[in-house]
Amino acid sequence: MDIRKARKAAASYLAAQGKAVDAEIVRKGGGDDFPEVAIAVALLRQDGDELGRYERALRSYADPGFWDAEIAEAALAYHDQGLIARAALDGRELFAMHRD
């Protein structure tokens, strides 16, 4: 998680609320103890976790080995039936579920 993104978002919010002095403090790299910065950090971290789950699910499905097999029933995709995607969307981690 990039603290600079959190500070930028918090500074924009503070400025919109008419708190120009606080916004400037945050823009200059201070104010990490401000509630607005802490909230921005938490939201960005949550989004990063979610995007990470989606990326890992997509990487599983993008891997040719996930689909290829001599017979269809031997392919990992045949047994997965979308389980990895549903888990990622539900906030669960199934990374390495289909690994040997």
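Throughout, a residue's number is its position along its own chain's written sequence, starting from 1. At least 70 in pLDDT is required for a residue's local features to be given in this predicted model, at least 80 for side-chain atom pairs to be given and counted, and no such filter applies to totals for whole chains, interfaces and linings, which use all residues. Excluding hydrogens and water, the side-chain figures rest on all heavy atoms present in the structure.

Engineer: Could you clarify how one ought to interpret the overall build of the chain in this entry?
Structural biologist: Counting from the N terminus, the helices are DSSP H or I runs at least four residues long and the strands are E runs at least two residues long. When its secondary structure is counted, the chain shows six helices and zero strands. Its C-alpha atoms give the chain a radius of gyration of 21 Å, clearly above 13 Å, the size a compact globule of 100 residues would have. In terms of its C-alpha atoms, the chain occupies a principal-axis envelope of roughly 65 × 20 × 20 Å. Type-normalised accessible area, obtained with a 1.4 Å probe on protein chains alone, sets the label of each residue: buried when under 20%, exposed when over 50%, and partly exposed for intermediate values. Expressed as a percentage of its 100 residues, the buried residues of the chain come to 25%. Here, residues are in contact when the closest pair of their heavy atoms is within 4.5 Å. Within the chain, residue pairs in contact and separated by at least 24 positions form 39% of the contacts whose partners lie at least 6 positions apart. Surface accessibility in these figures is a Shrake-Rupley result with a 1.4 Å probe; residues are shielded only by whichever protein chains are displayed. In the structure as shown, the chain presents an accessible area of about 7100 Å², 55% of it carried by carbon and sulfur atoms. A gap of 8 Å separates the mean positions of the 14 positive and 18 negative side-chain charges of the chain. Note on method: radius of gyration uses C-alpha positions; expected globular size equals 2.2 Å times residues raised to 0.38. Neither His nor the chain ends contribute to the count of charged residues, in which Lys and Arg are positive and Asp and Glu negative. By convention, the charge on Lys lies at NZ, on Arg at CZ, on Asp at CG and on Glu at CD.

Engineer: I'm lost on the nonpolar core in this one. Help?
Structural biologist: Within soluble globular proteins, side chains that are nonpolar tend to cluster in buried spots. The biggest cluster of nonpolar side chains holds ten residues, and these are Ala-6, Ala-10, Ala-11, Leu-14, Ala-23, Val-26, Phe-34, Val-37, Ala-40 and Val-41. Those elements that place two or more of their residues in this core are α1 (3-16), α2 (20-27) and α3 (35-62). In terms of residues, this core owes the most to one element, α1, which gives four residues. Among buried residues, those of type Ala, Val, Leu, Ile, Met, Phe, Trp, Tyr and Cys that are joined through side-chain atoms within 4.5 Å constitute a nonpolar core. Core analysis: the second largest hydrophobic core is formed by six residues, Ala-57, Tyr-61, Ile-84 and Ala-88 among them.

Engineer: Sorry, what's going on with the packing of aromatic side chains here?
Structural biologist: How two aromatic rings sit relative to each other is given by the distance of their centres and the angle of their planes. Here the aromatic set is Phe, Tyr and Trp, taking the six-membered ring for Trp, and pairing holds for ring centres within 6.5 Å; pairs whose planes are under 30 degrees apart are stacked, those over 60 apart are edge-to-face, and all others are tilted. The tally for this structure, following the rule as stated, stands at three aromatic pairs. Here Tyr-61 and Phe-66 contribute two aromatic rings whose centre-to-centre distance is 5.2 Å and whose plane-to-plane angle is 75°, an arrangement assigned as edge-to-face. Overall, Phe-66 belongs to the buried group, its relative accessible area being 4%. Residues Tyr-61 and Trp-67 carry aromatic rings whose centres are separated by 6.4 Å and whose planes lie at 45° to one another, so their mutual orientation is tilted. Members of the aromatic cluster, connected to one another through ring pairs, are Tyr-61, Phe-66 and Trp-67.

Engineer: Would you take a moment to explain unusual backbone geometry for this structure?
Structural biologist: Note on backbone geometry: most residues besides glycine have negative phi, and most peptide bonds are trans. The phi dihedral of Gln-81 is positive, around 50°, even though this residue is not glycine. Mapped onto the secondary structure, Gln-81 falls in the loop between α5 (76-80) and α6 (83-89).

Engineer: Where do I start with the side chain of Asp-80 in this structure?
Structural biologist: Relative to the assigned elements, Asp-80 resides in helix α5. When a carboxyl oxygen of Asp or Glu lies within 4 Å of a side-chain nitrogen of Lys or Arg, that pair is called a salt bridge. Although Asp-80 is buried, it makes no salt bridge; Arg-86 carries the closest opposite charge, 6.6 Å away. Counting of polar contacts relies on pairs of N or O atoms within 3.5 Å, with two restrictions inside protein: one atom must be capable of donating a hydrogen and the other of accepting it, and residues adjacent in sequence are counted only when both atoms are side-chain atoms. At a separation of 2.9 Å, a polar atom in the side chain of Asp-80 contacts the main-chain amide nitrogen of Gly-82.

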